[in-house]
Amino acid sequence: MTPPVTVLDLANVSKSFGALKVTDDVSFSVPKGQALGIIGPNGAGKSTLFNLITGNILADTGRVTFLDQDVTRTPAMTRVRMGVGRSFQIPQPFEGLTVFENLLTAAAFGQAKREAEVEAECAQILADTELLRRANDLAGSLSLLDRKRLEMARAMATGPELLLLDEIAGGLTEGECQALVATIQALHAKGTTIIWIEHVLHALTSVVERLLVLDFGKVIGIGAPDQIMASREVREIYLGLEV
Amino acid sequence: MQVTVTTRTRASTVAGFVALGLIALGLILPAFASRSLIQDLFFILTMLTLAQLWNLIAGYGGMVSVGQQAFVGIGAYAMFAGVILWGWDPVPAILLGGVAAFLLAIPMAFFAFRLQGAYFAIGTWVIAEVTRLVIAQWKTLGGGTGTSLPREATSDIIGVATIAELFGLRDAAARDVLAYWLALALAVGTMAAIYALLRSRNGLALTALRDNDNAARSVGVDAGRLKWLVFLAAAAMTGLVGALIYMQTARISPDAAFSVTSWTAYVIFIVVIGGIGRLEGPIVGVLVFWGLQTAFSDYGSWYLLALGLIAIAVMLFAPRGLWGLFASRTGIALFPVQRRLVTSGLVTGQPNTQREEVT
Ligand SMILES: Nc1ncnc2c1ncn2[C@@H]1O[C@H](COP(=O)(O)OP(=O)(O)OP(=O)(O)O)[C@@H](O)[C@H]1O
Ligand SMILES: [Mg+2]
């Protein structure tokens, strides 16, 4: 049997904003097809970690490897074409484009294809993310909930090998949450590698097979979800903050 | 799932036919129009082209340049240089104007692209001023006072004799007809090119970039390449227009050719009044501007003051311009670029232009 392919590898990655060390010597790797959850209190540096993986910001030190290529200094534009798709925690839609056009743009450029080649796929993603009814509306007219759906849909449209989802379940009703989980599970089943930052724990743990805990920029635990949730350190830092 | 994507609307089909009719009418117009009408149309068409180009870089590309007069000026001077120094015919010398503006745009973009927002605007303006000061040192082209195209050059421009004979006109009037036809060709060519760009993949990227730079890069849009492409292309076209304008006037000076009022402020006025970020905007804007210019330009600085007040009023009450206001009420787009998804022959609504109503 061939050894499992490593999709993403971070080695001693650090990032500071001024005096604040937001990412502190982070190392971990994600094998192909895995769904990894990231939890941690507000301001722990979770979104920053995503930005370092996507190239929206560059690491001060350390190395980021994607599919055996060193991408530490590769711009975001190139990384997405290599297969790193992401959603933004605070939705960043292209407001002057329709919902469908948002996806078209992502698919055409993220996959380097012609528009005609991706139209059907974009329509399918809209159907899967319950956005079909808003397909021809300007993204600027969407409600917050639909904007979050659009974030996820647009990330999917880039055709990612590695999909990064940043807090997409907040504010959903129980039914909507289940639909979201089903969508992500379907992607997971197709073999997409997923990293998901989420405060809604029951949604997260129903998908991921591994959990990473971040606090003050440091990885303080990584492993099977039930083990992580049972550890005293995590209960103190993370759950202590929840109640 | 059956999927079709269309940009066509009923209005756009009608608009296509009307546009073809207008172009045909425009071509044969010199056969019966007065000379002053031809001159007015020359003014309208050249301002329209400049406005469409500024709309492309600012309204779509998000690059609010206040230095477009640099390209008008350098284009015009390059044309004069071709005629006076190298003995070219003025019509092919117009092409020199495009080349010169393109070359100037390279260092200009190199510096200005490092600047953001208001600094970008100021940066482009400063570079245009510097260019004006440098050109004013060019003694063989009249230095600071300027110069005229020599009589020999203007008397036998390619095609003028034929036009004079065809319509039974004197040389001066025939020159106006030639300039008008070239202006018509430039206006139609520019709008067709911009429309084609907007309907291409790069059109999506350009709008995405304007709306959210960071997100655009994150879906794979090459922001840098696209900005360069649009800025350089618009500069070259602006240079052609500048050369054509000064071929028609046959007299040039640095102050006039590099005038920020004539070639950028008026152009911004046209775009803002008509509606930024849509092809229909400059068409409406240039007609309003021409009407105001014809009626009130004798009032000097009061006229400028009035233009300013009108611009402010429109920005306050119709931030997307007169066309934007009309489009949001009616949903009509003459040059639609929106890709509308139709699934299984169902779904969708009207073309959505409601953005300004939502905050
Ligand atoms: N561009 C930036 N410049 C300066 N400081 C920043 C920047 N981005 C993030 N920070 C700071 O870094 C810290 C970590 O932010 P980050 O957004 O990564 O946290 P997070 O774990 O995603 O939090 P949340 O759960 O609230 O989303 C915060 O203190 C934040 O204020
Ligand atoms: Mg965050």
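Conventions we followed
- Residues numbered from 1 in each chain as written.
- Chains lettered and ligands numbered in written order.
- Predicted model: local features only at pLDDT ≥ 70, side-chain atom pairs only at ≥ 80, totals over all residues.
- Heavy atoms only, no water.
- Helix = DSSP H or I, 4+ residues; strand = E, 2+ residues; numbered from the N terminus.
- Buried < 20%, exposed > 50% of the residue type's maximum accessible area, 1.4 Å probe, protein only.
- Lys, Arg positive; Asp, Glu negative; His and termini not counted.
- Salt bridge = Lys/Arg side-chain N within 4 Å of Asp/Glu carboxyl O.
- Polar contact = N/O pair within 3.5 Å; in protein donor to acceptor, adjacent residues only side chain to side chain.
- Contact = heavy atoms within 4.5 Å.
- Phe/Tyr/Trp six-rings, centres within 6.5 Å; stacked < 30°, edge-to-face > 60°.
- Near = heavy atom within 4 Å.
- Areas by Shrake-Rupley, 256 points an atom, 1.4 Å probe, with all protein chains shown as cover.
- Nonpolar A, V, L, I, M, F, W, Y, C, P; charged D, E, K, R; others polar.
- Pairing = 2+ DSSP bridges.
- Axes fitted to C-alpha atoms, helices over the stretch in contact; angles between N-to-C directions.
- pLDDT = per-residue confidence, 0-100.

The next point concerns the side chain of K46(A). All names here are of chain A. Checked against the element boundaries, K46 lands in helix α1 (residues 46-54). We note that K46 is buried and unpaired, the nearest opposite charge coming from E167 at a distance of 4.5 Å. A distance of 3.0 Å separates the side chain of K46 from the backbone oxygen of G40, its partner in a polar contact. Contacts of K46, omitting those with residues within four sequence positions, involve I38, I39, G40, P41, E167, I197, H199 and L214.

One pass over the full model with this rule turns up 17 salt bridges over all chains. With a shortest N-O distance of 3.3 Å, E95(A) and R147(A) are connected by a salt bridge. Taken together, the residues span a long stretch of sequence, with E95(A) in the loop between β6 (84-86) and α3 (99-110) and R147(A) in helix α5 (residues 144-157) at a distance of 52 residues. Take E95(A): its relative accessible area is 28%, and that puts it in the partly exposed class. Measuring nitrogen to oxygen at the nearest pair gives 2.9 Å for the salt bridge that ties R132(B) to E129(B). Taken together, the residues span about one helical turn, with R132(B) and E129(B) both in helix α5 (residues 117-135) at a distance of three residues. No difference in accessibility class separates R132(B) from E129(B), as the two residues are buried. When salt bridges with common partners are traced through the structure, they connect R133(A), R134(A), D137(A), D146(A), R149(A) and E176(A) into a single cluster.

All names here are of chain B. Applying the stated criterion across every chain, the model contains 14 aromatic pairs over all chains. A ring pair is formed by F113 and F120, whose centres lie 6.2 Å apart and whose planes are at 25°; its orientation type is stacked. Under the relative-accessibility criterion, F113 is labelled partly exposed at 22%. Taking relative accessible area as the criterion, F120 reaches 6% and is therefore assigned buried. Each ring, one from F296 and one from Y299, has its centre 6.3 Å from the other, and the planes form 50°; the classification is tilted. Using a relative accessible area of 53% as the deciding quantity, one classes Y299 as exposed.

This next bit is on the site of ligand 1. Residues and elements named next belong to chain A. In the vicinity of ligand 1, 14 residues are found, and the nearest of them are G43, K46, S47, T48 and Q89. Within the contact set of ligand 1, an oxygen atom lies 3.0 Å away from a side-chain nitrogen or oxygen of N42. Taking S47, its side chain carries an N or O atom lying 2.8 Å from an oxygen atom of ligand 1. Protein contacts shield 60% of the accessible area of ligand 1, which totals 640 Å² for the unbound molecule. Listing elements by their share of the shell around ligand 1, those giving two or more residues are β2 (20-31) and α1. In terms of residues, the shell around ligand 1 owes the most to one element, α1, which gives three residues. Its residues assigned to classes, the shell around ligand 1 comprises five nonpolar, seven polar and two charged.

Our focus in this paragraph is the sheet that holds strand β7 (residues 162-166) of chain A. Residues and elements named next belong to chain A. The strand order β6-β7-β8-β3-β9-β10 describes an open sheet built from six strands, whose pairing is mixed. At either margin of the open sheet sits one strand with a lone partner, and together these are β6 and β10 (218-223). Strand-to-strand, the axes of this sheet are offset by a mean angle of 20°, without reference to chain direction. Sheet topology places strand β9 (residues 210-215) next to β10; five bridges connect them, and they run antiparallel. Residue pairing across strands places V213 opposite G221, the latter belonging to β10. Contacting β3 (35-39), β6, β7, β8 (193-197) and β9, α1 crosses the sheet at an angle of about 155° to β7. In this fold helix α6 (residues 174-189) packs onto β3, β7 and β8, with an angle of close to 150° to the strand it touches most, β8.

Our next topic: the confidence of the model for chain B. All names here are of chain B. Residue-level pLDDT values for chain B average 89, and 96% of them are 70 or greater. Taken element by element, the predicted model of chain B shows its lowest mean pLDDT in helix α6 (residues 151-155) (80) and its highest in helix α3 (residues 69-84) (96). The ipTM assigned to the predicted complex is 0.91, against a pTM of 0.88.

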